[in-house]
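# Analysis of the macromolecular model
One letter stands for each residue in the lines below.
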Amino acid sequence: MLKKLILAILSVFIAVPLLVVAVAATRPATYRVERSAAISAPAAEVYAAVVDLHRWARWSPWARLDPNQKTTVIGQGVGAVSTWSGDDKVGAGRMTIVEATPGARVVIKLEFLRPYESTSETSFVVVPEGVGSRVTWLMTGTNGLVARAMSVFMDMDKMIGPDFERGLASLKAEVERPRP
């Protein structure tokens with residue numbers, strides 16, 4: 001009887017991790033989160049608010065989550081770097097502008113350092129639309145085995161998408177705000 005119980009317990013301890021690995025292997029190797037918004041401002045103005053990492057504090061959906069977070073921005077345009085460190089809501093990380101096409105596109109290497117390490121690519125594409133413009137915020141990345149397993153319970157689009165929507169709404173308000 002004891003031998004059967006031990007074998008049953010060992011079987012569970014072996015089968016569960018194998019099942020998790022098997023399920024994780026079926027999950028997507030990449031993720032993509034994308035949101036767009038129409039903004040009543042020229043593409044050059046929208047681009048200027050995105051390419052200047054100093055201005056992100058005015059519209060980023062994560063800027064107000066931790067009033068005590070420490071943010072440092074160095075440089076302008078391609079090569080500019082923003083680092084942050086805060087509580088569990090914002091974690092710690094670094095953004096580096098790796099490509100910038102004036103008035104049209106900004107590509108950022110996004111590195112999360114805490115609470116978990118990951119690297120993704122974030123881009124903003126700004127296209128003239130009528131008298132204003134349309135901005136699309138896109139993030140892509142790869143899922144390792146652990147992230148694939150987690151994706152069974154957590155969906156990147158559902159986790160990050162609402163933040164992108166809030167950020168685009170704040171960017172819209174910032175760029176459309178009347179200037180004195």
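The present account deals with the structure reproduced in this document.

### Structural notes on unusual backbone geometry
Here the residue pair Arg-114 and Pro-115 is connected by a cis peptide bond, since its omega of 15 degrees sits within 30 degrees of zero. In this structure, Pro-115 sits in the loop between β5 (105-114) and β6 (118-129).

### Here we look at the sheet that holds strand β4 (residues 92-101)
An order of β1-β7-β6-β5-β4-β3-β2 is seen for the seven strands of this open sheet, with the pairing classed as antiparallel. Every interior strand has two partners, whereas the edge strands, β1 (30-39) and β2 (70-74), have only one. Pairwise comparison of adjacent strand axes, ignoring direction, gives a mean angle of 15 degrees for this sheet. As judged from the five bridges shared by strand β3 (residues 81-85) and β4, these two strands associate in the antiparallel manner. Within the sheet, the bridge partner assigned to Ser-85 lies in β4 and is Ala-92. Against the sheet, helix α2 (residues 43-51) engages β1, β4, β5, β6 and β7 (132-142), with an angle of about 160 degrees to β6.

### Notes on the environment of Phe-112
Tracing the backbone through its elements, the reader meets Phe-112 in strand β5. The exposure class assigned to Phe-112 is partly exposed, which follows from its relative accessible area of 22%. Excluding its chain neighbours within four sequence positions, the residues that come into contact with Phe-112 are Trp-84, Ala-92, Gly-93, Glu-117 and Ser-118.

Each value, and the rule that gives it
- Residues numbered from 1 in each chain as written.
- Predicted model: local features only at pLDDT ≥ 70, side-chain atom pairs only at ≥ 80, totals over all residues.
- Heavy atoms only, no water.
- Helix = DSSP H or I, 4+ residues; strand = E, 2+ residues; numbered from the N terminus.
- Pairing = 2+ DSSP bridges.
- Axes fitted to C-alpha atoms, helices over the stretch in contact; angles between N-to-C directions.
- Contact = heavy atoms within 4.5 Å.
- Buried < 20%, exposed > 50% of the residue type's maximum accessible area, 1.4 Å probe, protein only.

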